[in-house]
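Spelled out from the first residue to the last, the chains are:
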Amino acid sequence: MEETTVGKLYLCATPIGNLDDITLRVLKTLQEVDLIAAEDTRHSIKLLNHFEIKTPMTSYHEYNKVDKARYLVEQMKKGVNIAVITDAGTPGISDPGEELVRQCYEAGIPVTSLPGPAACITALTMSGQLTRRFCFEAFLPVDKKERQWVLEELKQETRTMIIYEAPHHLVRTLEELAGVLGADRKLTLCRELTKKYEEGFQSTFAGLLERFETEEPKGECVLVIAGRSFNEIQKEQQQSWEEMSIEEHMDLYLNQGIDKKEAMKRVAKDRGIPKRDVYRYLTDAKDE
């Protein structure tokens with residue numbers, strides 16, 4: 001009996017609002033695969049009907065992601081090619097797609113991802129915030145303890161932060177973030193991405209909270225938040241050193257076995273002052 005060639009998993013990015021953003025490659029793949037696993041079949045049927053795609057569809061969502069993934073993997077072992085689509089955007093980003101991908105790798109099923117829309121990248125690139133280094137938090141955890149832990153972690157984050165939020169929870173999340181990051185922290189609110197009323201609004205937490213005192217938030221929102229600046233961190237570190245005397249600061253290094261010359265150099269660097277000032281201070285203190 002001839003051995004069956006295993007199928008393949010195709011992660012297909014779909015539009016986050018504007019249907020014109022679907023790629024030709026995704027359309028071709030959705031037409032050619034044997035089965036489409038969709039996060040919400042009722043939602044996805046509209047997309048498939050729009051592009052006249054007749055491929056059979058099955059549900060694959062948060063509440064069946066483990067057991068259904070096992071079933072889909074077994075199908076792919078038999079040679080079935082499967083495409084995964086979510087309600088919007090790239091599968092595997094803040095949705096159950098990652099579980100299926102994990103099981104595919106464990107089973108030796110090949111996986112490929114077809115590039116396309118992703119709300120986090122779309123918002124980041126239009127935000128006007130720094131883009132070289134960023135972190136993606138998706139939706140903040142619902143669990144209070146886990147949520148507080150994440151917020152405290154973000155307090156020290158130097159990278160640009162990307163957070164998703166629903167309009168009816170937006171004000172509460174802005175208040176929490178302002179309490180942790182500071183009301184004057186800069187951010188960009190991106191909403192209704194790729195749709196008719198798309199908006200990118202640069203402000204601060206204080207500015208956004210003031211805006212929503214008289215305006216009801218609408219549309220799915222992405223917050224792109226500036227990270228802590230290195231200058232701010234350096235300033236705080238210098239201020240903490242200034243709470244001890246230069247003699248105490250020197251002793252901190254000398255007690256570690258560091259020679260006096262190197263200790264003076266480190267003290268000067270910590271405090272943001274010339275090494276000669278450290279030397280002069282210690283000499284004057286010795287003469288007194």
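For every chain, the first residue of its written sequence is number 1, and the numbers climb from 1 along that sequence. For this predicted model, a pLDDT threshold of at least 70 governs which residues receive local features, and a threshold of 80 or more governs which side-chain atom pairs are given and counted, while totals over whole chains, interfaces and linings are taken from all residues. Based on all heavy atoms of the structure, the side-chain values leave hydrogens and waters out of the count.

### Re the packing of aromatic side chains
Link 1 in the chain: Ring pairs are drawn from Phe, Tyr and Trp, using the six-membered ring of Trp, whenever the two centres fall within 6.5 Å, and their geometry is named by plane angle: stacked under 30 degrees, edge-to-face over 60, tilted for the rest. Counted by the stated rule, this structure contains 2 aromatic pairs.
Link 2 in the chain: Judged by centre distance (5.1 Å) and plane angle (70°), the rings of Phe136 and Tyr164 are edge-to-face. Separated by 28 residues along the polypeptide, Phe136 in strand β6 (residues 134–139) and Tyr164 in strand β7 (residues 160–165) bring together distant segments of the chain.
Link 3 in the chain: Ring geometry for Phe139 and Tyr164: centres 5.7 Å apart, planes at 70°, overall edge-to-face. Within this pair, whereas Phe139 is found in strand β6, its partner Tyr164 is found in strand β7, the two being separated by 25 residues in sequence.
Link 4 in the chain: An aromatic cluster is present here, built from Phe136, Phe139 and Tyr164 joined pairwise through their rings.
Link 5 in the chain: Distance and angle both matter: a charge sits over a ring if NZ of Lys or CZ of Arg is within 6 Å of the ring centre and within 35 degrees of the ring normal. One cation-aromatic arrangement involves Arg211 over Phe201; the distance from NZ or CZ to the ring centre is 4.6 Å. Secondary structure elements are taken from DSSP: a helix is a run of H or I of four residues or more, a strand is a run of E of two residues or more, and numbering for both begins at the N terminus.

### A closer look at the pattern of salt bridges
For side chains bearing opposite charge, pairing can occur when the charged atoms are close.
Link 1 in the chain: What counts as a salt bridge is simple: a side-chain nitrogen of Lys or Arg found within 4 Å of a carboxyl oxygen of Asp or Glu. Taken as a whole and judged by the stated rule, the model has 14 salt bridges.
Link 2 in the chain: Across the salt bridge formed by Glu176 and Arg147, the nearest N and O atoms sit 2.7 Å from each other. Taken together, the residues span a long stretch of sequence, with Glu176 in helix α7 (residues 170–181) and Arg147 in helix α6 (residues 144–154) at a distance of 29 residues.
Link 3 in the chain: Between buried and exposed lies partly exposed: a residue is buried under 20% and exposed over 50% of the maximum accessible area for its type, with that area taken using a 1.4 Å probe on protein chains only. Since its relative accessible area comes to 23%, Glu176 is described here as partly exposed.
Link 4 in the chain: It is possible to trace a salt-bridge network through shared partners that takes in Arg191, Glu199, Arg211 and Glu215.

### Structural notes on a positive patch on the surface
Link 1 in the chain: Taken together, the side chains of Lys261, Lys265, Lys269 and Lys275 make up a positively charged region of the molecular surface.
Link 2 in the chain: Ranked by residues supplied to the positive patch, first place goes to helix α11 (residues 260–271) with 3 residues.
Link 3 in the chain: Mapped onto the elements of the fold, Lys269 is located in helix α11.
Link 4 in the chain: Of the residues examined, Lys269 reaches a relative accessible area of 70% and is grouped as exposed. Residues enter a patch when their relative accessible area is above 30% and they make no salt bridge; the linking distance is 9 Å between like charges and 5 Å between nonpolar side chains (Val, Leu, Ile, Met, Phe, Trp, Tyr). Each accessible area is a Shrake-Rupley estimate made with a 1.4 Å probe; only the visible protein chains count as cover when residues are assessed. Charge counting follows a simple rule: Lys and Arg are positive, Asp and Glu are negative, and His as well as the terminal groups are ignored. Lys charges are placed at NZ, Arg charges at CZ, Asp charges at CG and Glu charges at CD.

### A word on the sheet that holds strand β2 (residues 35–38)
Link 1 in the chain: Paired strands are those between which DSSP finds at least two bridges. Strand order in this open sheet of 5 strands is β3-β2-β4-β1-β5, and the pairing throughout is parallel. Strands with a single pairing partner mark the edges of an open sheet, and in this sheet they are β3 (57–59) and β5 (111–114). Ignoring strand direction, the axes of neighbouring strands in this sheet form an average angle of 25°.
Link 2 in the chain: Here 3 bridges tie strand β1 (residues 9–12) to strand β4 (residues 82–85), and the two strands are oriented parallel to one another. When the sheet's bridge partners are listed, Leu9 is paired in β4 with Ile82. Think of each axis as a best-fit line through the C-alpha atoms, taken over the contacting stretch in the case of a helix, with angles from 0 to 180 degrees between the N-to-C directions.

### Focus on α6
In an α-helix, one turn spans 3.6 residues, which is why side chains three or four residues apart end up on the same side.
Link 1 in the chain: Of all the residues in α6, the buried ones are Arg147, Val150, Leu151 and Leu154. Down the axis of α6, the buried side of the element spans an arc of 100°, and every buried residue falls inside it. Facing away from the buried surface of α6 by more than 90 degrees, the exposed residues are Lys145 and Trp149.
Link 2 in the chain: Note on definitions: a residue-residue contact is assigned when non-hydrogen atoms from the two residues lie within 4.5 Å. Buried positions along α6 lie against β6, β7 and α7.
Link 3 in the chain: Structurally, the start of α6 carries an N-cap: the backbone nitrogen of Lys145 is 3.3 Å from a side-chain oxygen of Asp143. Note that the arc is defined by the directions from the helix axis to the C-beta atoms. Here a polar contact is taken to be a pair of N or O atoms separated by no more than 3.5 Å, where protein atoms must pair a possible hydrogen donor with a possible acceptor and residues adjacent in sequence count only if both atoms sit in side chains.

Any link to function would need more than the numbers given here.
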